[in-house]
Amino acid sequence: MEKAARKIAKGDLEVRVQVNSGDEIGSLAHAINDLAVDLQRYRDTRSEFLATISHELRTPMTYLEGYAKVVKEGLYDTVEERNRYLDIIHQETFRLSHLIHDLFELSKMEEGKSGLNLERIDLEEVIENVTLKAELKAREKGLEIKVDLQWGLPMVYADGLRMEQIVLNLVDNAIRYTEKGIITVHIKSANDNKLIIIIEDTGIGIPKHELPNIFERFYRVEKSRSREYGGTGLGLAIVKRLVELQGGTIEVSSEVNRGTRFTMTFPIKAKGVE
Ligand code: ADP
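Residues numbered from 1 in each chain as written. Predicted model: local features only at pLDDT ≥ 70, side-chain atom pairs only at ≥ 80, totals over all residues. Heavy atoms only, no water.

Let us now look at the site of the ligand. With respect to spatial proximity, 18 residues lie near the ligand, and among them Asn 173, Tyr 177, Asp 201, Thr 232 and Leu 236 are the closest. At a separation of 3.0 Å, an oxygen atom of the ligand approaches a polar side-chain atom of Arg 176. A distance of 2.8 Å separates an oxygen atom of the ligand from a polar atom in the backbone of Leu 236. Relative to its free-state accessible area of 530 Å², the ligand is covered by the protein chains to the extent of 98%. Elements represented by at least two residues in the shell around the ligand include exactly helix 5 (160-176) and helix 7 (235-245). Residue classes in the shell around the ligand are distributed as seven nonpolar, seven polar and four charged. (Near = heavy atom within 4 Å. Polar contact = N/O pair within 3.5 Å; in protein donor to acceptor, adjacent residues only side chain to side chain. Areas by Shrake-Rupley, 256 points an atom, 1.4 Å probe, with all protein chains shown as cover. Helix = DSSP H or I, 4+ residues; strand = E, 2+ residues; numbered from the N terminus. Nonpolar A, V, L, I, M, F, W, Y, C, P; charged D, E, K, R; others polar.)

Given below as structure tokens:
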């Protein structure tokens, strides 16, 4: 077992110990095998993740390289054409910095480094901040944001900035994937000391078979959609982790061409949210 443990420490994760007894020694052997399996899984996920990141970074870089070259070599006929290329360069740099920001956020969370700043917060204020930030984008698309807040909502013990980030992310998505109609944010408390936040839109929806995957990192519904709408494919993965970090759950339901609804449930705790 000692030999196996040392091999595992050196990175030889194929090693397994033979389990010959049902006593403490046997259970130690099982534990060593489980450790090897876990480490192997971790290593595979990590290399898959790195491969995806390099792919995600390469795509905008190709655009940047290509269009910068075109502009530099004067391969355009009109000023409008040149400006169009410069616009693409600008959009792609924006997308890149967004991606880097999201990746950083996610890696901080996965390392368990993003501590919560728990305090008593007024959700009405959180929602007000979100609508203030999102309203301009919504108005540009002719969309309305409606807030349906239950009267007399209790103060909750949570991280105000994180809550804002969660709701803003979902409202941003709702705006991005909706062409006409309304985005509604419902907040209410349920009997069993739960707080429920729902973000609903009347947008393009998500096909049923894609729903189970949308919280995965880099998952995008219909790949072709994503370039048209921008986005990093990390938004919902971050939202889910932030919700869970505060003891909550998030669920999604959707109907294509009808709209999408995200429902979050948080415990209302007197002293803290685990
Ligand atoms: P992205 O940055 O690409 O929007 P997200 O993680 O936020 O990534 O979302 C994952 C995918 O889920 C998106 O590519 C999009 O197709 C789909 N999606 C998210 N929110 C909505 C919504 N409100 N309506 C329709 N599709 C959505």
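Now for the pattern of salt bridges. Across all of its chains, the model carries eleven salt bridges by this definition. As a salt-bridge pair, Arg 261 and Glu 200 come within 2.8 Å of each other at their nearest N and O atoms. One end of the pair, Arg 261, is in strand 7 (residues 259-267); the other, Glu 200, is in strand 5 (residues 194-200), and 61 residues separate them in sequence. In this structure Arg 261 comes out as partly exposed when scored by relative accessible area, which is 33%. Classification of Glu 200 as partly exposed rests on a relative accessible area of 21%. Residue Lys 240 is joined to Glu 244 by a salt bridge in which the shortest nitrogen-to-oxygen separation is 2.9 Å. Here Lys 240 pairs with Glu 244, and both are found in helix 7, just four residues apart, close to one helical turn. (Salt bridge = Lys/Arg side-chain N within 4 Å of Asp/Glu carboxyl O. Buried < 20%, exposed > 50% of the residue type's maximum accessible area, 1.4 Å probe, protein only.)

Let's shift gears to the nonpolar core. Judged by nonpolar contacts, the single largest core of 50 residues is most densely connected at Ile 166, Leu 170, Val 171, Leu 195, Ile 199 and Met 264. By residue number, the principal contributor to this core is helix 5, which donates eight residues. (Core = buried A, V, L, I, M, F, W, Y, C linked by side-chain atoms within 4.5 Å.)

Next up on the list: helix 3 (residues 79-110). The first and last C-alpha atoms of helix 3 sit 46 Å apart over 32 residues, in line with the 46 Å expected at 1.5 Å per residue. Along helix 3, the residues that are buried comprise Glu 81, Tyr 85, Ile 89, Glu 92, Arg 95, Leu 96, Leu 99, Asp 102, Leu 103, Glu 105, Leu 106 and Met 109. Positive phi shows up at Gly 112, right after helix 3, with a value of about 70 degrees. (Expected span 1.5 Å × (residues − 1).)

A few words now on the pairing of strand 4 (residues 182-190). Where strand 2 (residues 144-149) and strand 4 come together, six bridges link them in parallel fashion. Each bridged residue has a counterpart across the sheet, and for Lys 146 the counterpart in strand 4 is Thr 184. Sheet topology note: the strand 4/strand 5 ladder contains seven bridges and is antiparallel. Bridging from a neighbouring strand, Thr 184 pairs with Glu 200 of strand 5. The hairpin turn running from strand 4 into strand 5, its antiparallel successor, is three residues long, and Asn 193 in that turn takes a positive phi close to 60 degrees. (Pairing = 2+ DSSP bridges.)

Next up on the list: the environment of Ile 8. With respect to the helices and strands, Ile 8 occurs in helix 1 (residues 2-9). Looking at Ile 8, the relative accessible area reads 6%, which means it is buried. When the C-alpha positions of Ile 8 and Gln 165 are compared, they lie 40 Å apart, and in sequence the two are 157 residues distant. Those residues in contact with Ile 8, other than ones at most four positions away along the chain, are Leu 13, Val 15, Ile 32, Ala 36 and Leu 39. (Contact = heavy atoms within 4.5 Å.)

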